[in-house]
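What follows is the residue order along each chain.
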Amino acid sequence: MQELKYALKVFSYVIPIGITFSTTLYTVKKVDGVSMQPTFNPQSRVDDDDRLLRTENRASHKPFSDIVLLNRWVTRNFDLRVGDVVACKSVRDPRQSLIKRVIGLEGDWIRSLPSYDEDIVEVPKGYCWLEGDYKERSLDSNHFGPVPLGMVVGRADAIIWPPKRWSLVRRELDDETFQRIKVPISPLPMVKE
């Protein structure tokens, strides 16, 4: 009986600390799909009908996906930079989550891909422009436009599973994407004479 009371006492401290840690500091997220290749799930493939064909783990014969460590603290003050990989709620279905790269932040001008209605888009205040690294297989801002910063739930800082892929997530853009970003140039103020 004494052991049970001790275990309950430990759990009464551990559970609230764990919940606080995972909702405000760090949590983990499984990355499904191929839209962020080669950054995540580099072994996964899709067939001609866009069905996911994951490489199997030979030991268990089960498909596997990368699991990332999400930094939730950076979203509290919207401390995001172009090149960060973030998890966000889907604009189309908030029950679904996406993981994409930040291509532009408020005030940036982006040359969108042909799938979007406008050729050049200014990212509005309080929004960001997100794209997958594998552009041909990504449902991203080129389909639904800028994403409110409030829908971003965390920044992917590291790949923690599978162990052979342990690494920090790189914050860089490929040359083609970098060429589509235009940093805003503020006009000179007009001077009345």
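Every chain is numbered on its own, with residues counted from 1 as its sequence reads. Reporting in this predicted model follows two pLDDT cut-offs: at least 70 for local features of residues, and 80 or more for side-chain atom pairs to be given and counted; totals over whole chains, interfaces and linings ignore these cut-offs and use all residues. Working from all heavy atoms in the structure, the side-chain values ignore hydrogens and water.

A. Structural detail: the sheet that holds strand S10 (residues 120-122). For two strands to pair, DSSP has to find at least two bridges joining them. Segments assigned H or I by DSSP are reported as helices when at least four residues long, segments assigned E as strands when at least two residues long, and all are numbered from the N terminus. Ordered in space as S10-S9-S15, the three strands form an open sheet in which the pairing is antiparallel. The outermost strands of the open sheet, each flanked by one partner alone, are S10 and strand S15 (181-182). The sheet contact formed by strand S9 (residues 109-111) and S15 spans two bridges and is antiparallel. Bridging from a neighbouring strand, Ile110 pairs with Ile181 of S15.

B. Structural context of the side chain of Lys29. Turning to its location among the elements, Lys29 is positioned in strand S1 (residues 26-30). In this structure Lys29 is buried but unpaired, with Asp32 as the nearest side chain of opposite charge at 6.6 Å. The contact definition used throughout considers only heavy atoms, calling two residues in contact when any of these lie within 4.5 Å. For Lys29, the residues in contact, after removing those within four places along its chain, are Asp66, Ile67, Val68, Leu70, Ala87 and Ser97. To sort residues, take the accessible area from a 1.4 Å probe on protein chains only and compare it with the maximum for the residue type: under 20% means buried, over 50% means exposed, and anything in between is partly exposed. For this count, His and the chain ends are skipped, Lys and Arg are scored as positive, and Asp and Glu as negative. Criterion for a salt bridge: a side-chain nitrogen of Lys or Arg within 4 Å of a carboxyl oxygen of Asp or Glu.

C. Representation of the environment of Leu105 in the model. The residue Leu105 is located in strand S8 (residues 97-105) in this model. C-alpha separation for the pair Leu105 and Arg81, spaced 24 residues apart in sequence, amounts to 7.5 Å. Apart from the residues lying within four places of it in its own chain, the contact partners of Leu105 are Leu80, Arg81, Val82, Val123, Tyr127 and Cys128.

D. Fine view of the packing of aromatic side chains. Paired rings are identified among Phe, Tyr and Trp, the last through its six-membered ring, by centres lying within 6.5 Å, and are further divided according to the angle between planes into stacked (under 30 degrees), edge-to-face (over 60) and tilted (the rest). Evaluated as defined, the whole model comprises one aromatic pair. An angle of 85° between the planes, with centres 5.3 Å apart, marks the rings of Tyr116 and Trp129 as edge-to-face. Here Tyr116 is found in the loop between S9 and S10, whereas its partner Trp129 is found in strand S11 (residues 127-131), with 13 residues between them in sequence. Neither Tyr116 nor Trp129 differs from the other in exposure class; each is buried.

E. Expanded view of the pattern of salt bridges. Taken as a whole and judged by the stated rule, the model has 11 salt bridges. The closest approach of N and O atoms between Arg101 and Asp133, which form a salt bridge, is 2.9 Å. Taken as a pair, Arg101 in strand S8 and Asp133 in the loop between S11 and helix H2 (141-144) lie far apart in primary sequence, 32 residues in all. On the accessibility criterion, Asp133 (18% relative accessible area) is buried. Of the charged contacts in the structure, one is a salt bridge between Arg180 and Glu176, with a shortest N-O distance of 3.2 Å. A relative accessible area of 6% means that Arg180 is categorised as buried. Its relative accessible area of 42% is what places Glu176 among the partly exposed residues. Look at the salt bridges and you will find they share partners, linking Asp84, Arg155, Asp157 and Arg171 into a network.

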